[in-house]
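Descriptive structure summary
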Amino acid sequence: MFLVAGSPLSWAQSLGSAGTIHGTVTDPSGAVVAGASVEIHNPITSYTRQTKTGMDGKFQFGNVPPNPYHLQVSMGGFRTVEKDVVTRGNVPISVQIKLPLASESTSVTVEASSADMVENVPYAHNDLDQSVYSKLPTTSPGSGLTDAVTLGTPGVVADSNGLFHPLGDHAQTTFSIDGQPISDQQSKQFSTQIPLNAIQSMELITGSPNAEFGDKTSLVVNATTRSGLGLAKPTGSFRAQYGSFGTVGEEATFGIGGPNIGNFLVVNALRSGRFLDTPEFSPIHAAGNSGTVFDRLDWQPRDRDTFHLDLLAARNWFQTPNTYDQPLQDQRQKVFTFNVAPAYQHTFNATTLLSINGFVRQDRVNYYPSNDIYDDTPVTIGQQRHLTNYGLKADVAMVRGRHDFKTGIQIMQTRLDEAMRLGITASGFNAVCVNGSGGPLDLPSVTNPGACAALGFEGNADLHPGLIPYDLTRGGSLFRFAGRANVNQLAWFAQDAITLGHLSLTAGLRVDRYNGLSSAASAQPRVGAAYLIKRTGTVLRGAYSRTLETPYNENLILSSSTGSGGLAQNVFGGYGAEPIQAGRRNQFNTGIQQAFDKALTVDADYFWKFTDNAFDFGTLLNTPIVFPISWRKSKIDGVSVRFSTPNLHGFQGFTTLGHTRARYFGPSNGGLLFNSPLDTGVFRIDHDQAFQQTTHLRYQRRKNGWWVAWTWRYDSGMVAGAVNSLGDALALTGAQQAAIGFYCGSRFAAPGQPITACDSSNYGATRLKIPAPGAADDDHNPPRIAPRHLFDIGFGTDSLYQRERFRVTLNVTVANLTNSVSLYNFLSTFSGTHFVGPRTYQAELGFAF
């Protein structure tokens, strides 16, 4: 028999959202049973832990990700006992188990049913464990974390350089790393990422979030890192990597600890000739390298107290990829990040836990122009910016009967320091006068379009008057900017999860105060309900959330100073300039989770989001430099679906599906320069995509044995607003036309050989869908990137020589198996131009113990 209770067996705690399961095993007389085998297992995530009871009959699992688990206790001479245990918070769960003798006829084994395959919670989410994402094709340099999130999460649209778009938003994502909130951008051109091999598991929340989460809420990545606390023996690994484009790297881990102290260390390094996704299929000037050190220290000096410390230092250094139109450009960028996050937990009793997380994190970004600024075309750019975020999050969690209650505060300050210089180096980029056919004219002495007529020419209707003072080809000077600002944030939250039989309810309230370049305050209710139909293994759910969406901090000061249309339309600091405001959102979710026997789980969710003051980024030409912009409002809705299987005789897989309609409404505010005109009415934003799916299948018959994996990713194509018509295509350079595969009749464009006229009705592009004449519509029929299918395969073994303690590991991955020539985006105002990576080979050989 078993008993779940609040008994003072132990007061161990786990960091962040991770939980602790502990208990005591006894025989029928009440005597403790030493040496009993105890296992917890989740069939969907494949998370499995084993331990044995000590001489006092006690067992403990710490750092357990929030999920339902099947707990099994076995011992020779006794019957096996099984029990379902759910961890949702970090209040420790105590389990007392009494093992019946093997000779007794009464069985207490709890048989698994289809209801064990579903989770009775009101919010849509899925979980990824290290055993799953360690075999995903995460081959993008410096972007392993975001690659895994993109592949494993329904409703997420893949973009270049590790960017992704969750549920129709650009990058509205909050990462909670061991309880530390991080809502600044984590893709590699903004910052650095925590290494994927430092993470034990991730809960990916795409539904209405609990009240403890704020700032950016389209996706919450609730991650638990690996710990050395409780390790019986030291563990570690070293893997050497080699792959296409001269990619070399290493990944090393080492964990050591005991019942009271533990440490887990990760050291990774990588160099690649294609560090960023490139604007040409064959990379030009695209080398880069990264290095990361992560360390987690846990110390439990007393049963009721635990101290944790997360440390991170990381650097990315890379070239900005060139196009065929920029043969001499030598722009580079360096990103350095450090993070220090101490935490403390105190257990008052078996049902009440105090958690305090402190943190300080800094991103330092330096962007370097070419030595000869006129090698940079069409503009030269230099930038230095710092973003320093520090704060405190403290909460008290209590479990009382049917209630799982948490309340807390979050205090943060983000210090921004920005310096930038920019100048136009190509006379035709912002020509004042044009000839009769609209071609730019090189007239350095003319700065007023009204003077063009006297010279027999026409004024440029697309002239950006705000840029004339910074046109170096017309005697202008560099645009220079320097600014500092602080963003102060204060939040209080309270939330309660209530269990009433098969009905689960959540109710929460979050109150935010945002004081940055603009100010906002908001009370945000969050409510949800889920009902389990146990007989059929069905969960029905629905939720509502009100959220305050805060502006992006990267380049926020400069972008808040340019006004509507950016610097191109306004003399700096001119009319319309106002700080970017916070957004206010209402979000509704409804969904169903259905288990089919014990072989398949289907989770489907419909979401609808209405946001006043919606955010995006404006990319500066083909550089990795972006500026936050806002739109008057957005209306986003869609469907996300995930199919998952448990391990079925070695086979396991999942499929994620997503459909999104992302409608934005002008006018805009902020930004610097834009690759295409900004819309003022309703339009589909560039990350609107009708459909995407990822299927990942894996077969591994034996633990640590050989495995093979296959991944298929389909994307129907994001919006590409720069080519609405044949005329737009003809105005492109030869290199740009070649990038989209533009053709007229039987003729295809090539770099240096543009197609300037086309009389044939047989025209188009192989990598971009150009609307038919007169059919383009920004809302209902915008131009889009052509659909693409990407296939990846991988195989390897977790123990080449079939040894348990010291294992030789092998992993081979082929990404983009068919060498599909495909685009992520093209001349996007919000993302630039980037090709999907060509066929890439990667081999990894290492050892583990």
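What this report covers is the structure whose coordinates are included nearby. Please read all numbers here as calculations on a predicted model, not as lab measurements.

Glancing now at the packing of aromatic side chains. Considering all chains together, one arrives at 24 aromatic pairs under this definition. Aromatic pair Phe 254 and Phe 849: ring centres 6.4 Å apart, planes at 50°, arrangement tilted. One end of the pair, Phe 254, is in strand 17 (residues 247-257); the other, Phe 849, is in the segment after strand 47 (840-848), with 595 residues separating them in the sequence. Classification of Phe 849 as partly exposed rests on a relative accessible area of 22%. Ring centres of Phe 281 and Phe 835 lie 6.0 Å apart, and the angle between their planes is 65°; on these two criteria the pair is classed as edge-to-face. Placement of Phe 281 in the loop between strand 18 (261-272) and strand 19 (288-302) and of Phe 835 in strand 46 (residues 832-835) is noted, with a sequence separation of 554 residues between them. Across the pair, Phe 835 and Phe 281 agree in class, each one buried. The ring of Phe 665 is capped by Lys 633, whose NZ or CZ atom sits 4.7 Å from the centre of that ring. In this structure, Arg 805 packs its charged tip against the face of Phe 806, placed 5.9 Å from the ring centre.

Pairing within the open sheet is antiparallel, and its 4 strands lie in the order 4-3-6-7. Each end of this open sheet is capped by a strand with a single partner; those strands are strand 4 (48-52) and strand 7 (81-87). Shown here is a sheet whose adjacent strand axes are inclined to one another by a mean of 20°, direction ignored. Two elements, strand 6 (residues 67-74) and strand 7, share 7 bridges in a ladder whose sense is antiparallel. What sits directly across from Tyr 69, in strand 7, is Val 85.

With that settled, consider the side chain of Ser 640. Mapping Ser 640 onto the fold places it in strand 33 (residues 626-644). Leave out the neighbours within four places in its chain, and Ser 640 touches Pro 154, Gly 155, Asp 603, Ala 604, Asp 605, Phe 607, Leu 657 and Gly 658.

Glancing now at the pattern of salt bridges. Evaluation of the coordinates by the stated rule reveals 26 salt bridges. Between Arg 541 and Asp 605 there is a salt bridge; the shortest N-O distance is 3.5 Å. Here Asp 605 lies in strand 32 (residues 600-619) and Arg 541 lies in strand 30 (residues 538-549), a separation of 64 residues in the sequence. Using a relative accessible area of 6% as the deciding quantity, one classes Arg 541 as buried. We note a salt bridge from Asp 715 to Arg 788, for which the minimum N-O separation is 3.6 Å. Of the two residues, Asp 715 sits in strand 37 (residues 706-715) while Arg 788 sits in strand 43 (residues 788-797), which places them 73 residues apart along the sequence. Note on Arg 788: relative accessible area 3%, which makes it buried.

Going through the model one piece at a time under the given rule, you end up with 2 disulfides. What pairs with Cys 433 in a disulfide is Cys 452, and their sulfur atoms sit 1.9 Å apart. In this structure the cystine formed by Cys 433 and Cys 452 twists about its S-S bond by roughly -85°; its chirality is therefore left-handed. Note that Cys 433 is positioned in strand 25 (residues 433-434) and Cys 452 in the loop between strand 25 and strand 26 (458-459), a separation of 19 residues in sequence. According to the relative accessible area criterion, Cys 433 is buried, its value standing at 2%. What makes Cys 452 buried here is its relative accessible area of 0%. Across the disulfide from Cys 744 sits Cys 758; the S-S distance is 2.1 Å. Taking the sign of the torsion about the S-S bond as the criterion, the disulfide between Cys 744 and Cys 758, at about 90°, is right-handed. Pair noted here: Cys 744 is in strand 38 (residues 742-744) and Cys 758 is in the loop between strand 39 (747-748) and strand 40 (763-765), with a separation of 14 residues, a long-range link. Judged by relative accessible area, which is 10%, Cys 758 ranks as buried.

Moving on to helix 2 (residues 144-152). With 9 of 9 residues buried, helix 2 is to be regarded as a mostly interior element. For helix 2, the full list of buried residues reads Gly 144, Leu 145, Thr 146, Asp 147, Ala 148, Val 149, Thr 150, Leu 151 and Gly 152.

Summed over all chains, the structure comprises 16 cavities of 30 Å³ or more. Volume-wise, the largest cavity comes out at about 620 Å³. Lining the largest cavity are 39 residues, with Pro 137, Thr 139, Ser 140, Asp 147 and Tyr 824 sitting closest to its centre. Taken together, the elements giving at least two residues each to the lining of the largest cavity come down to helix 2, strand 37, strand 43 and strand 47. In terms of residues, the lining of the largest cavity owes the most to one element, helix 2, which gives 4 residues. Residues belonging to the lining of the largest cavity are distributed by class as follows: 14 nonpolar, 16 polar and 9 charged. In this structure, the second largest cavity occupies an estimated 210 Å³ of space. Taken together, 18 residues make up the lining of the second largest cavity; nearest its centre are Ile 44, Met 117, Glu 119, Asp 127 and Gln 593.

Bringing the sheet that holds strand 38 into the picture now. Taken in spatial order, the 3 strands line up as 39-38-40 in an open sheet, and their pairing is antiparallel. Each edge of the open sheet carries a strand with a single partner, namely strand 39 and strand 40. Across 3 bridges, strand 38 lies against strand 40 in antiparallel orientation. Note that in strand 40 the partner of Tyr 743 across the bridge is Gly 764.

Criteria and thresholds
Residues numbered from 1 in each chain as written. Predicted model: local features only at pLDDT ≥ 70, side-chain atom pairs only at ≥ 80, totals over all residues. Heavy atoms only, no water. Phe/Tyr/Trp six-rings, centres within 6.5 Å; stacked < 30°, edge-to-face > 60°. Helix = DSSP H or I, 4+ residues; strand = E, 2+ residues; numbered from the N terminus. Buried < 20%, exposed > 50% of the residue type's maximum accessible area, 1.4 Å probe, protein only. Lys NZ or Arg CZ within 6 Å of the ring centre and 35° of its normal. Pairing = 2+ DSSP bridges. Axes fitted to C-alpha atoms, helices over the stretch in contact; angles between N-to-C directions. Contact = heavy atoms within 4.5 Å. Salt bridge = Lys/Arg side-chain N within 4 Å of Asp/Glu carboxyl O. Disulfide = S-S within 2.5 Å. 1 Å grid on protein atoms, 1.4 Å probe; cavity = no way out; pocket = protein on both sides within 12 Å on 5 of 7 lines; lining within 4 Å. Points joined across faces, edges and corners; volume = space filled by probe spheres on them. Nonpolar A, V, L, I, M, F, W, Y, C, P; charged D, E, K, R; others polar.

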